[in-house]
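What follows is each chain in one-letter form.
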Amino acid sequence: MKTKKRILSVILAAMMMLALTACGGMTTDDAKTYVQSVLDASYKADFSEYTEQTDSTEEEAQQLFDENLDNIMSMGGFTDAGLSEELSASYRQLFQDMLAQAKYEVGSATEGEDDGFVVEVSAEPFTAFDGLQDEVMSAVEAEMANITDISQLPSQDEINEMVFQKMYDILVQRVAEPTYGEAQTVEVHVELSDNMYSINEDDLTELDLILFPAD
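Quick caveat: nothing in here was measured; it's all calculated off a predicted structure.

Cut-offs used in this document
- Residues numbered from 1 in each chain as written.
- Predicted model: local features only at pLDDT ≥ 70, side-chain atom pairs only at ≥ 80, totals over all residues.
- Heavy atoms only, no water.
- Axes fitted to C-alpha atoms, helices over the stretch in contact; angles between N-to-C directions.
- Helix = DSSP H or I, 4+ residues; strand = E, 2+ residues; numbered from the N terminus.
- Parallel < 35°, antiparallel > 145°, perpendicular 65-115°, else oblique.
- Left-handed = near helix turned anticlockwise from the far one by under 90°.
- Contact = heavy atoms within 4.5 Å.
- Nonpolar A, V, L, I, M, F, W, Y, C, P; charged D, E, K, R; others polar.
- Pairing = 2+ DSSP bridges.
- pLDDT = per-residue confidence, 0-100.
- Phe/Tyr/Trp six-rings, centres within 6.5 Å; stacked < 30°, edge-to-face > 60°.
- Buried < 20%, exposed > 50% of the residue type's maximum accessible area, 1.4 Å probe, protein only.
- Lys NZ or Arg CZ within 6 Å of the ring centre and 35° of its normal.
- Core = buried A, V, L, I, M, F, W, Y, C linked by side-chain atoms within 4.5 Å.
- Salt bridge = Lys/Arg side-chain N within 4 Å of Asp/Glu carboxyl O.

A. Broad picture of the packing of helix H4 (residues 58-75) against helix H5 (residues 85-100). At a minimum axis distance of 10 Å, the contact between H4 and H5 shows a crossing angle of 120 degrees. Considering their axes alone, H4 and H5 lie oblique with respect to each other. At the point where H4 passes H5, the crossing takes the right-handed sense. Contact residues: H4 offers Phe65, Asp66, Asn68, Leu69, Asp70, Ile72 and Met73, while H5 offers Ser88, Tyr91, Arg92, Phe95, Gln96 and Leu99. Taken together, the residues of the contact of H4 with H5 sort by class into seven nonpolar, three polar and three charged.

Below is the structure:
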């Protein structure tokens, strides 16, 4: 079951879509605020500071965030999994709740090369996916073992729904009681180009993989 990696590979899309440029003339404090606003918009759906930093509207930011949730559902295979409308909607809300559990802290900022800045971000890995596959399969196998009449065996679609329901139930509990690994520090570069600032995409990728580790 590769659902975990497929989900996490598109969580970063929110950051890429929302990491828009900010007008020139930054200070180190501005760089910290900018990075904080991008992360808060991407993970927490908190657009208040982000709209100020990027001269965008809350409606525009919300639309990008919502589109990213759609992408998570689609690229994660949930749209085509044949799930019930109820379970599909539950998963979409779950992913939003999961993003909100991202645990990071924006630290010091220093001047970097070419009028850019380097902002330190401490990130704690969210452990919701640890051992998930084994736990889901054990739960499904236990339920299947209770079926003694071959005529009562579920169809492939019913089994699929069962697997995704079990995974959802486990993830909901883990999101409600989140645990984290040891904090790691990422240097996030705010770069200047054509009198506009943006965050280095490779740094965002590194940060995202720490916050939501795929392995």
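B. Quick look at the pairing of strand S2 (residues 103-111). Of the strand pairs in this sheet, S2 and strand S3 (residues 117-124) are connected by seven bridges, and their pairing is antiparallel. Following the sheet pairing, Glu105 is matched in S3 by Ser122. Hairpin geometry of S2 and S3 is characterised by an intervening segment of five residues between the two adjacent antiparallel strands and by a positive phi of about 50 degrees at Asp114.

C. Just the confidence of the model for the chain, in detail. Averaged over all residues, the pLDDT of the chain is 85; the fraction at 70 or higher stands at 87%. Counting contacts from residues 1-17, a segment whose pLDDT is below 50, to residues more than four positions away or on other chains yields 53 contacts.

D. Up close: the packing of aromatic side chains. The full count for this structure, using the stated rule, is 12 aromatic pairs. Where Phe47 meets Phe65, the ring centres are 6.2 Å apart and the plane angle is 70 degrees; that geometry is what we call edge-to-face. Of the two residues, Phe47 is situated in the loop between helix H2 (28-44) and helix H3 (48-54) and Phe65 in helix H4; the sequence distance between them amounts to 18 residues. Residue classification places Phe47 among the buried positions, given a relative accessible area of 3%. Judged by its relative accessible area of 1%, Phe65 is buried. Clustering of aromatic rings is evident, with ring pairs tying together Tyr43, Tyr104, Phe126, Tyr180 and Phe212. The ring of Tyr180 carries Lys103 above its face, with NZ or CZ at 4.9 Å from the centroid.

E. Broad picture of the nonpolar core. If you look at the biggest cluster of nonpolar residues, it comprises 56 residues, and the most contacted ones within it are Val35, Tyr91, Met98, Val121 and Val190. Take this core: its biggest share by element is eight residues, from helix H7 (residues 156-176). Setting aside residues up to four positions removed in sequence, Tyr91 forms contacts with Met73, Phe78, Leu83, Phe164, Met167 and Tyr168.

F. Main features of unusual backbone geometry. Notably, Asp55 is not glycine yet its phi reads approximately 55 degrees, a positive angle. Mapped onto the secondary structure, Asp55 falls in the loop between H3 and H4. Overall, the relative accessible area of 72% leaves Asp55 in the exposed class. Located in the positive-phi region is Asp115, a residue other than glycine, with phi close to 65 degrees. Mapped onto the elements of the fold, Asp115 is located in the loop between S2 and S3. Assessed through its relative accessible area of 56%, Asp115 is described here as exposed.

G. View of the pattern of salt bridges. Applying the stated criterion across every chain, the model contains four salt bridges. One salt bridge in this structure joins Glu124 and Lys103, with 3.6 Å as the shortest N-O distance. In this pair, Glu124 sits in strand S3 while Lys103 sits in strand S2, placing the two residues 21 residues apart along the sequence. Glu124 sits in the partly exposed class, given a relative accessible area of 23%. Between Arg174 and Glu135 there is a salt bridge, and its shortest N-O distance comes to 2.6 Å.

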